[in-house]
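Letter by letter, the chains look like this.
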Amino acid sequence: MGLNIREQASSKSVVVGLLPRGTCIEVGERSPNGKWARIAKVIDGAIDSPVAGAHVPLGAANGWVYLGELTADTRPEAFDRVVTLKVPYPVRQGDVLAYLGEDVPARANPIANQPLSRRLLHLEVFSADDVPAYLAASRQWAAAHLTDQDRTLLVLRPGDTLHVEPNGAVACTLKWTQVLPVSALEVKEVGGARWRKVSGLTLGNGQTVAGWTKEYGHLASPWEWPGFDVVDERASESGGIFDDVAAWAGFIKKEAPRPEETPFYRQLRRMLDTDKDGQISEEELDAALRDRSKAAHIARIIVRHDSEWAMEPAKRQQSAVESIAELLGFDAVQRVREEMPRAPKLPWWDEVAAGVKGFPKNPRVYHFHAGGVAGMLGEKSPENCECGCCLGAIFATVSYHGVSGPSYRGKKPLSAYGRWGALVQKGDATTDERDILVAMSENEGNLDSIQAYDSEILTAGAMQKTINSQGLGEFPGQVAAFRRRCPDRYEALFERCGWVVVSEASGARMYYKGKTGPALKQEIRSEFSTPKRGKGKSELLAALVNAISSAEFQDQQVIDFIARMHLVENIIPAGYSVRIGAYLKSKLGRAVVLDHHVNRPGYVRADFGAALDRYFSGSPTTPRNPERWGEAHAKYEAAILEIYGPARRMTDAGLRYRNLKGKL
């Protein structure tokens, strides 16, 4: 897939070329309306012909492209160095501030024949001031000057109870401090007391709970920093969670008991280590992140410790790692040696401290959780974005064949899905299936994408599953499967936000607050029915974006992709009696037929059968039963793919085939 290059600055002009995704260009001349630009130079990548296999027309190199489909790339002159500004630089909303850095281990293996890219943002919020004194002063000021009208947050503390109804039986007792925006909570007046309904909280066992609590005594202002605690963590000799590196190595080798940890890490482990085996497993970390109550509690811990970005603490950590590696053996030493060339390049603290006035020279500072601070400063915190209420105006108005509707392209490509390890370990996916889906991801939608501007009610997710005009379709089926697999999360993400799926005689059907079919379609598009600039809000679509963005529903999308792969491989080609999977055993072959089925499922059987007909007519000596191909299987399969790939009846079949071929 890519962007059309046109002869003139108009969507009605002739297409003279195609810019594949990932191509970087420099633009020059702009159209009078500012919406189009002429290509000045290709920086990275190449222009393709709009016709598969044809030469690229001469005019394509300086054709016109639509700016709305391009992403600005204002690359800096140099990477990997610290730049201190002489004068503060004004920043506006939407400005590019930085670039995601690559953090690829030295031994990283390629995926789908592509170099591994591991782009990460490391965001820290810290202060060298006397934070405990500041918090005390802020709380004292709030107590003296603010009224209940200024206290916009509801604070629930450990030991507080939720009731089934106001003045009713106790529903549960809370274990962690919770801070919730009052404006989002249902209210009741009972017996002269005001009660608030709280929902979506989780207990230590992962159970989701809801209930009522009295408002009196629970109100707070952000100025009071409710729920925040300060921990002054002493610096360990190793720079890590243990002081004794020899004891640490013995514990890693399972030859010695767990050594004494620093107090803060001991506190964290007690919160996360649910099976009490002394280890923090991937599953326990994942469970803690899913437990919104526990995660919110941890996000309000302010920790004073040495920054790892300063030279002295970094050297201390590097020395400890080298010492531990020597105790663990040759392989560990080799791994450390491979990684160590990167280590001296990481510290930046000392350079910044020398060049920026007021920046602390002592790296022992107070560290804040960025999400915890954001949640305290605004009523809509990350852990309380229920039903997508914090997403705001993200939906663009898109016109398609004279009809307009909302569209959100999403921010989570399938290639960014980060839970492959768990799926492979559980047997829900194989490494080949991972490689196939990562390679296909560029051809598909984002995991969190939604559009509602064509003939269907809406289309959602990486597989672009639809709710058709009657409320039926593949997306309701996917949500129904999610309900069976994760009933609690379905209730929290869909039902609580107005969306329900109902199993009927004709199949699974989606409803939003009782509406489906044409009535639902009209409601979704009511605010986007005419073309307009800018983006708008949509309560019902924001709820869906929030739901399909969740880790659990991302799992569902990937599992469905894999299930579809298996389904496709069992299709019998037209005119043949052997399933497609017997012909296509390579990762490329499996990806090509899956790509076809995702986009035009009704044509797979006929088109693959036609490709076999063409191949066997030109190669009559090849056995028609693929089980007899033996060592020549790869050769025969490749020849069939060269016929089938570009000839599939679907949009951009040739380009999509070339993209997959280049990756697999």
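Residues numbered from 1 in each chain as written. Predicted model: local features only at pLDDT ≥ 70, side-chain atom pairs only at ≥ 80, totals over all residues. Heavy atoms only, no water.

A. Representation of the UniProt feature "domain: EF-hand" (unreviewed entry) in the chain. On the UniProt side, "domain: EF-hand" (unreviewed entry) is annotated at positions that read residues 260–295 here. End C-alpha to end C-alpha, residues 260–295 measures 25 Å, and it is 64% helix and 0% strand. (UniProt positions renumbered as here; feature names shortened; annotations may be inferred. Helix = DSSP H or I, 4+ residues; strand = E, 2+ residues; numbered from the N terminus.)

B. Fine view of the sheet that holds strand S16 (residues 219–220). Taking strand neighbours across the sheet as the criterion, the 3 strands line up as S12-S9-S16 in an open arrangement whose pairing is antiparallel. In this open sheet, the two strands that pair with only one neighbour each are strand S12 (178–181) and S16. Two elements, strand S9 (residues 153–156) and S12, share 4 bridges in a ladder whose sense is antiparallel. For Leu156, the partnering residue across the bridge sits in S12 and is Gln178. (Pairing = 2+ DSSP bridges.)

C. Helix H2 (residues 245–252), seen in detail. When H2 is considered as a whole, its buried residues turn out to be Trp248, Ala249, Gly250 and Phe251. Where the residues of H2 are buried, they touch helix H6 (311–328). Once H2 ends, the next one or two residues include Lys254, with phi positive near 60°. (Buried < 20%, exposed > 50% of the residue type's maximum accessible area, 1.4 Å probe, protein only. Contact = heavy atoms within 4.5 Å.)

D. Region of interest: the state of the cysteines. In the structure shown here, the tally under the stated rule is 1 disulfide. Across the disulfide from Cys387 sits Cys497; the S-S distance is 2.0 Å. Because the torsion about its S-S bond is -85°, the bridge between Cys387 and Cys497 counts as left-handed. One end of the pair, Cys387, is in the loop between helix H9 (370–377) and strand S20 (395–400); the other, Cys497, is in the loop between helix H13 (487–493) and strand S25 (499–504), and 110 residues separate them in sequence. We note that Cys172 lacks a disulfide partner, and the nearest cysteine sulfur, in Cys387, lies 19 Å from it. Judged by its relative accessible area of 7%, Cys172 is buried. (Disulfide = S-S within 2.5 Å.)

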